[in-house]
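# Working through the structure, step by step
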Amino acid sequence: MRTELTKRIFIACMIVFLMSFGLVLYMLNSYLAKRNLAELQDKALYISSMIEQNSWDFLKNMQNTSNTRTTIIALDGTVLFDSMFPLEQLENHSNRIEFQEALQYGSGSSERYSESLLKKTANYALCLEDNYIIRVSMNQDSIWVLFIQMLSPMLAIIFSMMILSILLAFSSTKKIMLPINKLDPENPDDRNIYDEMKPFVRKLIVQNQQIYHQMEQLQNEHKKQDAIRREFTANVSHELKTPLTSISGFAEIIRDGYVQEKDISHFADNIYKETQRMISLVNDILKLSKLEDGNINIYERESVNLLELCQNIQERLALHAEKKQIAISCEGETIFIIGIPIMLDEIIYNICDNAIKYNFSGGYVKILVKKQDTHAVIEISDNGIGIPEKDQERVFERFYRVNKSHSKEVGGTGLGLSIVKHGMALHHAKIILESQENKGTCMKLYFPV
Ligand code: ADP
């Protein structure tokens, strides 16, 4: 911008200078022409008065000293006398402008350039009462000669003007740029800046504020995520520590011989259950961390038949449900969505598993697949223990359980619905939870088709 500004100021200075220069030259030329004409007029008047007193024969005796040429022309254009050329060389002058004007108006003038344009002849003609015309001519240099003669001083002037223009351009640019250079982009101030730039600076201020807020938000987000990660690590350690402590305790009393032979299988079963719980927990943690990785490209998406998928899950859970005397059913229409099959299986399996786990003996679990507007909907309802209203929002949080001991008893890890939530997000799907304590729960899953 700085160079551009300097360049433009310089060019403007030079244009103004050259135009004024040309104008002065033109005016000088006009002034000189006027002065020459006045001189010619004077001479013509002088000669005419001399003629009136002495007849024009005196001209023949007049020495031709100056560069003025005097010609006497008859009214028909015949040259009667010429101070410079012999009469036999001169043609009829009736076509000369100054002659024609003098004939018509009493006096006339004209200017003629010689072929080279370097010389100019100024003529003045005066009609005398004796019925002939006296013409005075003078050679003068044209404006170009003037220009060439003055070339070196002119070049010197042009050159100095150029240097002056450059200096002027530099200092003006510096002055113009000063408030702009002083502007601190990180801390802009719109008080000492040009009015034209105020909107720009204000925009800068607003943008800076936005960036500051965004940075603050990002930092807060970072802190929040850090806290969540720390909490998760603490939760995981705690969740793992409990079964490990039990296992260690059981092993210790068996090692020290405090357990009778017949009770050993009971203790071994406890150890087995605790390790199973730990395996489920580790599996769930692995699933969750894979989901939270954000790298969804590792999953292949394909067309999935939701009814078929739900029927398959119902079959897999049938035995488990039967043991708890719970009836599990599945019905609905065939709907295809584009999704990640293992993820969808995980989501629906977890919800159905919960519906069995948190149910009463003799209860039911119903799976319904249907289409609603632009969505495929899966409803999984049970008539189990339900979720109290105050806990409904939190059950999707990691390790959140309504009743911790009950969850552990039925083999829960507290991560199932967390996995569901992440899996649904991967499918841009929505989950709605409706539940009433001791009446039952219904989970509605909405998948865009
Ligand atoms: P968990 O492994 O403990 O089942 P989840 O994340 O799957 O963990 O569920 C969180 C909590 O939500 C459960 O501990 C349970 O208290 C409650 N919950 C989930 N599904 C149901 C349901 N169908 N009926 C009643 N409570 C449920």
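Residue indices follow the written sequence of each chain, beginning from 1 at its first position. Local features in a predicted model are, by the rule used here, given only for residues with pLDDT of at least 70; side-chain atom pairs are given and counted only at 80 or more, and totals for whole chains, interfaces and linings are based on all residues. Excluding hydrogens and water, the side-chain figures rest on all heavy atoms present in the structure.

### Considering the pairing of strand S9 (residues 364-372)
Selection rule: A pair of strands counts as paired when DSSP detects no fewer than two bridges linking them. Under the DSSP-based scheme used, a helix requires at least four consecutive residues in state H or I and a strand at least two consecutive residues in state E, with every element numbered from the N terminus.
Strand direction decides the pairing type here: strand S7 (residues 327-332) and S9, joined by 6 bridges, are parallel. Looking at the pairing, Glu331 lines up with Leu368 of S9. In this sheet, strand S10 (residues 375-382) lies alongside S9 in antiparallel orientation, the contact comprising 8 bridges. Looking at S10, one finds that Ile367 is bridged to Ile380.

### Remarks on the side chain of Arg69
Note the threshold: Here's how the labels work: a residue is buried when its accessible area is under 20% of the maximum for its type, exposed when over 50%, partly exposed in between, all with a 1.4 Å probe on protein chains only. Polar contact criterion, stated in full: a pair of N or O atoms within 3.5 Å, where within protein one must be able to donate a hydrogen and the other to accept it, and residues adjacent in sequence count only if both atoms are side-chain atoms. Working rule for contacts: check all heavy atoms of both residues, and any pair within 4.5 Å makes them a contact.
Considering the arrangement of structural elements, one finds Arg69 in strand S1 (residues 68-74). Here Arg69 falls in the buried class, since its relative accessible area comes to 16%. In terms of polar contacts, Arg69 uses its side chain to reach the side chain of Asp82, at 2.9 Å. When neighbours within four sequence positions are excluded, Arg69 is seen to be in contact with Asp82, Ser83, Met84, Phe85, Leu90, His93, Arg135, Val136 and Ser137.

### Thoughts on the site of the ligand
The cut-off we apply is this: We define proximity as follows: a residue is near a molecule or strand when any one of its heavy atoms falls within 4 Å of that partner. Computed with the Shrake-Rupley method and a 1.4 Å probe, the accessible areas treat only the protein chains shown as cover for residues. A cavity, in this analysis, means grid points on a 1 Å lattice covering only the protein atoms where a 1.4 Å probe fits yet has no way out; a pocket is instead an open set bounded by protein on both sides within 12 Å along at least five of seven lines, and a residue lines either one if it has an atom within 4 Å of a point. For this analysis, a molecule is said to be in a pocket or cavity if more than half of its atoms are within 2 Å of the grid points defining it. Residues are grouped as follows: nonpolar covers Ala, Val, Leu, Ile, Met, Phe, Trp, Tyr, Cys and Pro; charged covers Asp, Glu, Lys and Arg; every other residue, Gly included, is treated as polar.
As a structural note, the neighbourhood of the ligand is formed by 20 residues, with Tyr358, Ser407, Thr413, Gly414 and Leu417 the closest of them. Measuring from an oxygen atom of the ligand, one finds a backbone N or O atom of Leu417 at 2.8 Å. Relative to its unbound accessible surface of 530 Å², the ligand loses 97% to contact with the protein. Placement of the ligand is best described as lying within the largest pocket. The set of elements that each furnish at least two residues to the shell around the ligand consists of helix H9 (341-357) and helix H12 (416-426). No other element matches the 3 residues that H9 contributes to the shell around the ligand. Split into classes, the residues belonging to the shell around the ligand amount to 9 nonpolar, 8 polar and 3 charged.

### Considerations on the pairing of strand S8 (residues 336-339)
Each regular strand shows side chains that alternate between the opposite faces of the sheet. Residues Ile337 and Gly339 point to one face of S8 and are all buried, whereas Phe336 and Ile338, pointing to the other face, are not buried. For strand S6 (residues 302-305) and S8, the ladder comprises 4 bridges, and the chain directions are antiparallel. Bridging across to S8, Val304 finds its partner in Ile337.

### Regarding the layout of surface pockets
Heads up, the rule is: Grid points are joined across faces, edges and corners, and a volume is the space filled by probe spheres set on the points.
Here the largest pocket is characterised by a volume of approximately 1000 Å³. As for the largest pocket, its lining consists of 44 residues, of which Asp353, Asn354, Lys357, Tyr358 and Gly412 are closest to the centre. Only helix H7 (264-292), helix H8 (306-323), H9, S10, helix H11 (404-409), H12 and strand S12 (440-448) provide two or more residues apiece to the lining of the largest pocket.

### A closer look at the packing of aromatic side chains
To be explicit about the condition: When two rings of Phe, Tyr or Trp (its six-membered ring) have centres within 6.5 Å they constitute a pair, described as stacked for plane angles under 30 degrees, edge-to-face for angles over 60, and tilted for the intermediate range. Whether a charge lies above a ring is judged from NZ of Lys or CZ of Arg, which has to be within 6 Å of the ring centre and within 35 degrees of the ring normal.
Summed over the entire model, instances satisfying the criterion amount to 3 aromatic pairs. Stacked on the ring of Tyr446, the Lys or Arg Lys430 has its end atom at 5.4 Å from the ring centre.

### Observations concerning the sheet that holds S7
Which entries qualify depends on this criterion: Every axis corresponds to a line fitted to the C-alpha atoms, with the helix fit spanning only the stretch in contact, and the corresponding angles, defined between N-to-C directions, vary from 0 to 180 degrees.
Taken together, 5 strands build an open sheet; the order of strands is S7-S9-S10-S12-S11 and the sheet is mixed. Here the strands that pair on one side only, and so sit at the sheet edges, are S7 and strand S11 (430-436). Averaged over all adjacent pairs, the angle separating strand axes in this sheet is 15°, with direction ignored. Its contacts with the sheet place H9 against S7, S9, S10, S11 and S12, and it is angled at close to 25° to S10.

On their own, these measurements won't tell you what the molecule is for.
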